[in-house]
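One-letter residues, chain by chain:
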Amino acid sequence: DVKVLKTLKAGGVDVGAGCRISLKSGDEKDIWSTQVAWGALVFIVNENNPIDNISVQQARDILKGNIRNWKELGGYDAKIDVYVRKSKISGVGFSSRVQLFHNPKEDLFDGTIKKPSSYPIRKAVASGLYGFAMDDIASYHIVKGLKVLKVDNIYPHKENILSKKYVLARPF
């Protein structure tokens, strides 16, 4: 998203696609967005992790460092490895802060493992049993070995996203 917006601003392309709105400030102030679809933020874990559901509050608590062990969620007695994007303005980074904390600049706990983009996060979560990360429903499947958690017992499939039963639906 950040690369697309920078390329648009520089005149390298006339149209781009991304998963967050233009911020209407700084370098993005002259770029406008049009919603063309619905997506959803999701929480991903290794496919062998026994956890299948998480509440919005538990997700917040993991990201803020208040829940640090899978045992607190009914899983293994092991530290949760929390992976996040380095940038607060990436599509997932920005959207998750807005939707979970109502603050796009929200700081997450210092123990997060920061990666430059979604793909390295997916690879890290898939390769270890204790990883946890935010992603988008449209692209998490690019890496094998991941599982999407239900949120508040609602799975992010098309009908739940479109009806907004899944609370982390977001415009594309």
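See the structure printed just above.
Read on for an overview of the structure. (Residues numbered from 1 in each chain as written. Predicted model: local features only at pLDDT ≥ 70, side-chain atom pairs only at ≥ 80, totals over all residues. Heavy atoms only, no water.)

Its place among the elements puts V42 in strand β1 (residues 38–46). V42 sits in the buried class, given a relative accessible area of 0%. As for V42 and D136, which are separated by 94 residues in sequence, their C-alpha atoms are 5.6 Å apart. Other than its neighbours up to four places away in sequence, V42 contacts A133, M134, D135, D136, I137, V148, P156 and Y166. (Helix = DSSP H or I, 4+ residues; strand = E, 2+ residues; numbered from the N terminus. Buried < 20%, exposed > 50% of the residue type's maximum accessible area, 1.4 Å probe, protein only. Contact = heavy atoms within 4.5 Å.)

A separate point is the nonpolar core. Counting 42 residues, the largest nonpolar core has F43, L63 and F132 as the members making the most contacts within it. Counting only elements with at least two residues in this core, the list comes to β1, α2 (56–64), β3 (81–85), α3 (91–101), α4 (118–127), β5 (131–136) and β6 (146–148). Among the elements that line this core, the one with the most residues is β1, at six residues. Leaving out residues up to four positions away in the same chain, L63 has contacts with V82, V84, L100, F101, L108, F109, F132 and M134. (Core = buried A, V, L, I, M, F, W, Y, C linked by side-chain atoms within 4.5 Å.)

In the structure shown here, the tally under the stated rule is five salt bridges. Here E106 makes a salt bridge to K64, at a shortest N to O gap of 2.6 Å. One end of the pair, E106, is in the loop between α3 and β4 (113–115); the other, K64, is in helix α2, and 42 residues separate them in sequence. In this structure E106 comes out as buried when scored by relative accessible area, which is 16%. Two residues, K79 and D81, come together in a salt bridge whose shortest N-O distance is 2.8 Å. Classification of K79 by relative accessible area gives partly exposed; the value is 46%. (Salt bridge = Lys/Arg side-chain N within 4 Å of Asp/Glu carboxyl O.)

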